[in-house]
Amino acid sequence: MQPICLVVGLFFWFFFLPVTAHSEQKVTADYLAELQQQAIKKKLADERVWHLLLKYDKKLFRGMTSEADGMEFFNSPQGKTDPESELLATLSSFFIPLAKIAKGKEHPQCNFPARFKWLNQQLTFDPGRLEIQACDRLDRWMKALDPVGATLVFASYFIDNPASMFGHTLLRIDSRRTGSGNNLMNYGANYAAVPDTENAFLYAFKGLIGSFPGRFAIFPYYTKVQEYNNLESRDLWEYELQFTEDQLNTMLLHLWELGGTYFDYFYFQENCSYHVLSLLEVANPDLRLKDPFSFSVIPTDTVKILMAQDELVKQVIYRPSVLSQMNHKRLKMVDGEKRILRRLVKGEISPESPAFKSLSAPSQALVLNAYMDYLQYQSMQEKSNGNIKIPRSVLLARSRLPTADDGPADIITHFSSRPDHGHGTDRFRAGIGLNAHEPFLEFAYRPAYHDLMAKDVGYDKNSEIIFMDFKLRYYLESDRVRLDRVKVLSITALNPYDTLFTKPSWRLDLGVDTLRDRNCNYCNSVKGVYGRGISYRPDFFSPLLLYSFADLKTEFSEHLKQNFRLGGDAEAGMYYDVTENWRIKLAGSYQIFVLGESKRFFTAHFITRYALGQDLDVRFELNRYDHNNEGILSANYFF
Amino acid sequence: MGRYSRIAVAASLFLLPVSVFAAGYGAAGCGLGSELMGSQPGASQVFASTTNATLGSQTFGITSGTSNCGDHGLVSMNKEREVFAQENYTSLVKEMAQGKGENLSTLANLYQCPAASHQEFGAMVQGKFDSLVASDQANATALLSQLENEITRHPALAKSCDIKLSALN
């Protein structure tokens, strides 16, 4: 109790110091002391709402610590680690006379309106004894935003950009002012790192250790739609959430408070999704959204957690990317139309050419609609002068054709599936296997994200990202535990060949592996692989995916002559979905190592997977590395 | 050991293509909350915000910069149409040529045109496309001023829409 008395005493001192026996100030000081006593008695500093508002979190060994790192966020110098001191100081700050506020600064009541609102609810401030300040800018901000709803917007991962490798979430504030049908005009609250590097690896590293500041910002939603849907061509999923207007009001007041501070940005923990969940918890403290996360908060997991709450998600809406919109139109085309589109894209013909004019008017409209989507996407990729344009001649040709009458039957094709229907991002694997010498058990865990053998509902169909996948094997006869493989980071992006786009496939694999082609008692190597290739899927929804790669490969191990080998491989393979739940993979490669220890050998793989549910599958695989064979039966659980 | 370092360098070169980033679209926001805004206008009001997804250069800002931001950190009400048209220019002209679309109906709403008139609005902009987008160099400002002329001339839309009153109700 003593430190508290001391703090209270300090505030008394603070308020008495300038006093020249002025009764009004005496009343104020008495009232402050009274409120502080009440707050202590009611143990307000221990309340969940207070902890949420100040971002307090119980940290191992460090006790209560606020995640906010900008010190302006606190009224007490001890505020970051002492909820009660902060609460008493906050109450005291509300009493600061307006005249004492520096020009250009806001009064604490206006700076911390969510704290003011909640403390007022708890302590019922007497306006006769505590002067209530007018907050002009805040009022106008609130009036402009005028929230009636909140929508969590999910962007799936974007494999070409490491910064967005695990997807992104932001919160759209749906306003009464914009009304229905004007979602583009609503504002979005976005939490993001403010990075100081463009180097991908530095970015990844700094992101992991939390050395970027993360900040909230608020944008018109249309800028985000342009960025994700059109520039990066990512489908968006919008989860409309159920909140009362009072809850939304609190959330926005809190967002206002956050504008002035920053947080250390941790790529896996305190990231965009984590902070968006915090906003939702402030709106409705009964929600407990962050509790289930231990190691990482990945956007996909956050939409699942929202769906798991009773009646929180009202509606899920798909907002197709510009290329999905184009592909939707291509699916409706007959072969002749597709051919004309291809020739337009290649520049062989123009909308004025006879070949184009020979199509019927509705066909011309359909082809030009798709062509304009293509041009919009392409022009956005060239970031030369910010002039994103579709040539006027094309626009004009389209404007002379009738408005396409899609009718209500034109159901938008979903080129991605609902992220909340996907498997969990953590994976635990247990398996039993046999090689030429002995049987073994294997256990593996990885925190993220998706592999091409897993069921791809909710994920990209053509790519995989595996992060920190550790696999141990216990060999039963030789009674040894070996580190079998660590995939520190493994990415495969198969970009199926498209007549309109040529985008190479690529892959990257960094980690520790076993030298499986050698009999060296399961010795390990440090491995790096990078390759490019081509892949092919007969059409968008075909169950067949073919691929081939040429890779550069290097391995370091003390068991190799000269301790390393450098070479490459050529690989060809296929994935085939026999049924919705049953997938087969066949692959073969020829490996050539020319530097260090030179060697040439073949590998072959057969893997089959059957999904038993959203989060569980069983797999059987046969692998051959040079002359070494193994077979493994495993169960994979996602969570 | 020298060889190892050379190999390591060689190996790292293979990895570089991964770092080819997508073009940045990070729009600069108007700021948020009290401290950022303060009372001084100008640069301190805007902090280049990057999304989780974008790094580095911004190809657009809320392009016209701070002058479009109100002191409350949002787009000024009287600039809503201009900023919207500017940021969505390509989507907008595409939909104008098609005679319909979400951006187009949003623009109609920004001109206070009731939902019942949106089809007519679409037909009008499609029909007048030639004059709305006068050349390949046309920009959002020219587009809006032409559009306002056409709305005024249109017998029905002149009555149902309002080009004076800016912003949504």
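Predicted model, so just to flag it, every value in this text is computed and none were measured.

Trainee: Hey, could you run me through the overall build of chain A in this one?
Mentor: A count of helices and strands for chain A gives 17 helices and 22 strands. In terms of overall dimensions, chain A has a C-alpha envelope of 95 × 75 × 45 Å along the principal axes. Counted over contacts in chain A with a minimum sequence separation of 6, partners at least 24 positions apart contribute 62%.

Trainee: What am I meant to see in the overall build of chain B here?
Mentor: Counting its regular elements, chain B contains nine helices and zero strands. When burial is assessed residue by residue, chain B has 44% of its 169 residues classed as buried. Contacts spanning at least 24 positions in sequence make up 55% of the contacts within chain B whose residues lie at least 6 apart.

Trainee: Help me out: how do you make sense of helix α10 (residues 245-258) of chain A in this one?
Mentor: Owing to its 3.6 residues per turn, the α-helix aligns residues three or four sequence positions apart on the same side. Residues and elements named next belong to chain A. End to end, α10 covers 20 Å across 14 residues, agreeing with the expected 20 Å (1.5 Å per residue, within 8%). Of all 14 residues making up α10, eleven are buried, and the element is well covered by its neighbours. Within α10, burial applies to Gln247, Leu248, Thr250, Met251, Leu252, Leu253, His254, Leu255, Trp256, Glu257 and Leu258.

Trainee: Would you mind showing me how to read the nonpolar core here?
Mentor: Soluble globular proteins tend to bury their nonpolar side chains together. Residue and element names in this part refer to chain A. Residues Leu152, Val276, Leu279 and Tyr371 are the most contacted members of the largest nonpolar core, which totals 150 residues. When residues in this core are grouped by element, the largest group, eleven residues, is from helix α16 (residues 361-381). In contact with Leu279, not counting residues within four places along its chain, are Leu171, Ala189, Met251, His254 and Leu255.

Trainee: Just checking my understanding: could you explain the environment of Val276 of chain A for this structure?
Mentor: Residue and element names in this part refer to chain A. In this structure, Val276 sits in helix α11 (residues 272-283). Considering only alpha carbons, one finds Val276 and Ile305, 29 residues apart in sequence, at a separation of 12 Å. What Val276 contacts, discounting residues up to four positions off in sequence, is Leu152, Thr169, Leu170, Leu171 and Tyr191.

Trainee: Whenever I open this one, the pairing of strand β22 (residues 628-638) of chain A confuses me. Can you help?
Mentor: Within a regular strand, side chains alternate between the sheet's two faces. Residues and elements named next belong to chain A. Here strand β10 (residues 427-435) pairs with β22 via nine bridges, running antiparallel. Residue Arg429 lies in a different strand from β22, and its bridge partner there is Asn636. Bridge count for strand β21 (residues 616-625) against β22 is ten bridges, and the pairing is antiparallel. In the sheet register, Glu621 faces β22, and the bridge partner there is Ile632.

Trainee: Sorry, what's going on with the sheet that holds strand β8 (residues 263-265) of chain A here?
Mentor: Each strand in a sheet pairs with its neighbour through backbone hydrogen bonds, running either in the same direction (parallel) or in the opposite one (antiparallel). Residues and elements named next belong to chain A. Strand order in the open sheet formed by seven strands is β8-β6-β5-β4-β3-β7-β9, with antiparallel pairing between adjacent strands. The outermost strands of the open sheet, each flanked by one partner alone, are β8 and β9 (313-319). On average, each strand axis in the sheet is tilted by 30 degrees relative to the strand beside it, whichever way the strands run. Here three bridges tie strand β4 (residues 168-175) to strand β5 (residues 187-193), and the two strands are oriented antiparallel to one another. Looking at the pairing, Ile173 lines up with Tyr187 of β5. Here helix α9 (residues 221-231) sits on the sheet in contact with β3 (147-155), β4, β5, β6 (212-220), β7 (236-241) and β9, set at roughly 110 degrees to β6.

Trainee: Which parts of the structure should I look at to understand the confidence of the model for chain B?
Mentor: Any region with low pLDDT has predicted coordinates that should not be read closely. All names here are of chain B. Predicted confidence across chain B gives a mean pLDDT of 67, with 54% of residues reaching 70 or more. Within the model, the stretch residues 1-28 combines pLDDT values under 50 with 56 contacts to residues more than four positions away or in other chains. Long-range and interchain partners of residues 33-66, a stretch whose pLDDT sits below 50, account for 109 contacts in this model, where long-range means more than four residues apart. In the model output, the complex is listed with pTM 0.86 alongside ipTM 0.86.

Trainee: Help me out: how do you make sense of the pairing of strand β13 (residues 463-475) of chain A in this one?
Mentor: Residue and element names in this part refer to chain A. Strand direction decides the pairing type here: strand β11 (residues 439-446) and β13, joined by six bridges, are antiparallel. Within β13, the position partnered with Phe443 by the bridge is Leu472. Here strand β12 (residues 448-450) runs beside β13; their pairing, made up of three bridges, is antiparallel. Looking at the pairing, Tyr449 lines up with Ile466 of β13. Across twelve bridges, the pairing between β13 and strand β14 (residues 480-493) is antiparallel. Bridged to Phe470 within β14 is Val486. Here β13 hands over to β14 after four residues, with Asp479 in that stretch at a positive phi of 55 degrees.

Trainee: Hey, could you run me through helix α4 (residues 89-98) of chain B in this one?
Mentor: Of all ten residues that make up α4 of chain B, ten are buried, and the element is covered over most of its length. Gly99 of chain B, located one to two residues past α4 of chain B, shows a positive phi value of around 85 degrees.

Trainee: Got a minute to help me understand the packing of helix α3 (residues 80-87) of chain B against helix α8 (residues 140-153) of chain B in this structure?
Mentor: Geometry of a packed helix pair, given as the angle between the helix axes and the separation of the axes. Residue and element names in this part refer to chain B. Between α3 and α8, whose axes approach to 9 Å, the crossing angle comes to 125 degrees. Classified by the angle their axes make, α3 and α8 are oblique. Regarding α3 and α8, the two cross each other, and that crossing is right-handed. Residue-level contacts link Arg81, Glu82, Ala85 and Gln86 of α3 to Ala140, Thr141, Leu143 and Leu144 of α8. Here the contact of α3 with α8 is composed, by residue class, of four nonpolar, two polar and two charged.

Trainee: What am I meant to see in the packing of α16 of chain A against α4 of chain B here?
Mentor: Orientation of α16 of chain A relative to α4 of chain B, taken along the N-to-C sense of each, is 170 degrees, at an axis distance of 11 Å. When the axes of α16 of chain A and α4 of chain B are compared, the pair comes out roughly antiparallel. Together, Asn369, Met372, Gln376 and Ser379 of chain A of α16 of chain A and Thr90, Lys94 and Gln98 of chain B of α4 of chain B make up the contact between the two elements. Considered class by class, the residues forming the contact of α16 of chain A with α4 of chain B number one nonpolar, five polar and one charged.

Trainee: Looking at this structure, I do not really get the environment of Phe541 of chain A. What am I missing?
Mentor: Positionally, Phe541 of chain A belongs in the loop between β16 (524-536) and β17 (544-556). In the structure, Phe541 of chain A is positioned 126 residues away from Phe415 of chain A in sequence and 8.7 Å away in space, judged by C-alpha atoms.

Quick notes on the rules
Residues numbered from 1 in each chain as written. Chains lettered and ligands numbered in written order. Predicted model: local features only at pLDDT ≥ 70, side-chain atom pairs only at ≥ 80, totals over all residues. Helix = DSSP H or I, 4+ residues; strand = E, 2+ residues; numbered from the N terminus. Contact = placed C-beta atoms within 7 Å. Buried ≥ 20, exposed ≤ 12 C-beta atoms within 10 Å, placed from the backbone. Expected span 1.5 Å × (residues − 1). Core = buried A, V, L, I, M, F, W, Y, C linked by C-beta atoms within 7 Å. Pairing = 2+ DSSP bridges. Axes fitted to C-alpha atoms, helices over the stretch in contact; angles between N-to-C directions. pLDDT = per-residue confidence, 0-100. Parallel < 35°, antiparallel > 145°, perpendicular 65-115°, else oblique. Left-handed = near helix turned anticlockwise from the far one by under 90°. Nonpolar A, V, L, I, M, F, W, Y, C, P; charged D, E, K, R; others polar.

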